[in-house]
Amino acid sequence: VAGIGSVAPHLNERGNGLMRQLMEQAIREMEEELHRQAPGYKAAVKALLAQMMVYLCRNAVEDRQSLHQMKGDQAKLEIVKQALSYMQLHCAQPITLDELCGHVGLSRYYFCRVFRAVTGMTSVEYLNLYRCTKAQKLLKTGRFTIAGAAEAAGFTSLPYFYRIYRKAMNTLPSRDLPGTEPPAP
């Protein structure tokens, strides 16, 4: 009987405080019943054991649901990783949403939902940001004109490039050319 209390420290190491308290309380009551051995103590101990089984089963269901959620999250991360790799590899070419969805094997609706949930932005926003970052690197080398960097990064329209670049990078592309000094504050 002395070893019953030693079960509690091993329960739910993740820190589910309520579950731990309930189990410890049931263990204390079982120890008390076994120590006093009042009439009906065996039935009381069995009832407390049954109560502990309910707590353990409920916790196991929650653990399975958490595991299922983690597996779902892992699958979503993998989908987004595939999409990001595809966009980075093909950023210099026009990429359609249908092409991207076909690559990862999802419907447009589900892909857009998953991508936004994982990254916090749409796939178009990400692609534009990635292209702008690439264009910025090319501009800073001094070997590309603005039009050349925009085209190499995958933009097909110069006015669209200027608008997106200014929004994404918070500056004009001309300010990222070597030798251009930012204006004094």
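Everything here concerns the structure above.
Residues numbered from 1 in each chain as written. Predicted model: local features only at pLDDT ≥ 70, side-chain atom pairs only at ≥ 80, totals over all residues. Heavy atoms only, no water.

**Digging into the overall build of the protein chain**
Okay, so step 1: Looking only at helices and strands, the protein chain has seven helices and zero strands in total.
Okay, so step 2: Going residue by residue from the N terminus, the α and β elements of the protein chain occur as α-α-α-α-α-α-α.
Okay, so step 3: Residue burial in the protein chain is summarised as follows: out of 185 residues, 29% are buried.
Okay, so step 4: Considering only contacts in the protein chain between residues 6 or more positions apart, those separated by 24 or more positions represent 52%.
Okay, so step 5: Per element, the accessible surface of the protein chain, about 12,200 Å² overall, is 58% carbon and sulfur. (Helix = DSSP H or I, 4+ residues; strand = E, 2+ residues; numbered from the N terminus. Buried < 20%, exposed > 50% of the residue type's maximum accessible area, 1.4 Å probe, protein only. Contact = heavy atoms within 4.5 Å. Areas by Shrake-Rupley, 256 points an atom, 1.4 Å probe, with all protein chains shown as cover.)

**Things to note about the side chain of Gln 136**
Okay, so step 1: Inspection of the secondary structure puts Gln 136 in helix H5 (residues 123–141).
Okay, so step 2: You can call Gln 136 buried: its relative accessible area is 17%.

**Overview of the packing of aromatic side chains**
Okay, so step 1: The full count for this structure, using the stated rule, is seven aromatic pairs.
Okay, so step 2: Look at Phe 111 and Phe 115: their rings are 5.6 Å apart centre to centre, the planes differ by 45 degrees, and that puts the pair in the tilted class. One end of the pair is Phe 111 and the other is Phe 115, both in helix H4 (residues 108–119) and four residues apart, which spans about a single turn.
Okay, so step 3: For Phe 115, a relative accessible area of 1% gives the class buried.
Okay, so step 4: Feature note: the residues Phe 155, Tyr 160, Phe 161, Tyr 162 and Tyr 165 constitute an aromatic cluster, connected by ring pairs. (Phe/Tyr/Trp six-rings, centres within 6.5 Å; stacked < 30°, edge-to-face > 60°.)

**What about the pattern of salt bridges?**
Okay, so step 1: With the rule as written, the count across this model stands at four salt bridges.
Okay, so step 2: Across the pair Glu 32 and Arg 36 runs a salt bridge, and its minimum N-O distance is 4.0 Å. Of the two residues, Glu 32 and Arg 36 both sit in helix H1 (residues 17–36), four residues apart, roughly one turn of that helix.
Okay, so step 3: Using a relative accessible area of 46% as the deciding quantity, one classes Glu 32 as partly exposed.
Okay, so step 4: Note that Lys 81 and Glu 78 form a salt bridge whose closest N and O atoms lie 3.7 Å from each other. One end of the pair, Lys 81, and the other, Glu 78, are both in helix H2 (residues 41–89), three residues apart, so they sit about a helical turn from each other. (Salt bridge = Lys/Arg side-chain N within 4 Å of Asp/Glu carboxyl O.)

**Some words on the packing of helix H3 (residues 97–104) against H4**
Okay, so step 1: Contact geometry for H3 and H4: axes closest at 10 Å, N-to-C directions at 85 degrees. In terms of axis orientation, H3 runs roughly perpendicular to H4. Facing H3, whose interface residues are Leu 97, Asp 98, Leu 100, Cys 101 and Val 104, H4 presents Arg 108, Phe 111 and Cys 112.
Okay, so step 2: Tallied by class, the residues present in the contact of H3 with H4 amount to six nonpolar, no polar and two charged. (Axes fitted to C-alpha atoms, helices over the stretch in contact; angles between N-to-C directions. Parallel < 35°, antiparallel > 145°, perpendicular 65-115°, else oblique. Nonpolar A, V, L, I, M, F, W, Y, C, P; charged D, E, K, R; others polar.)

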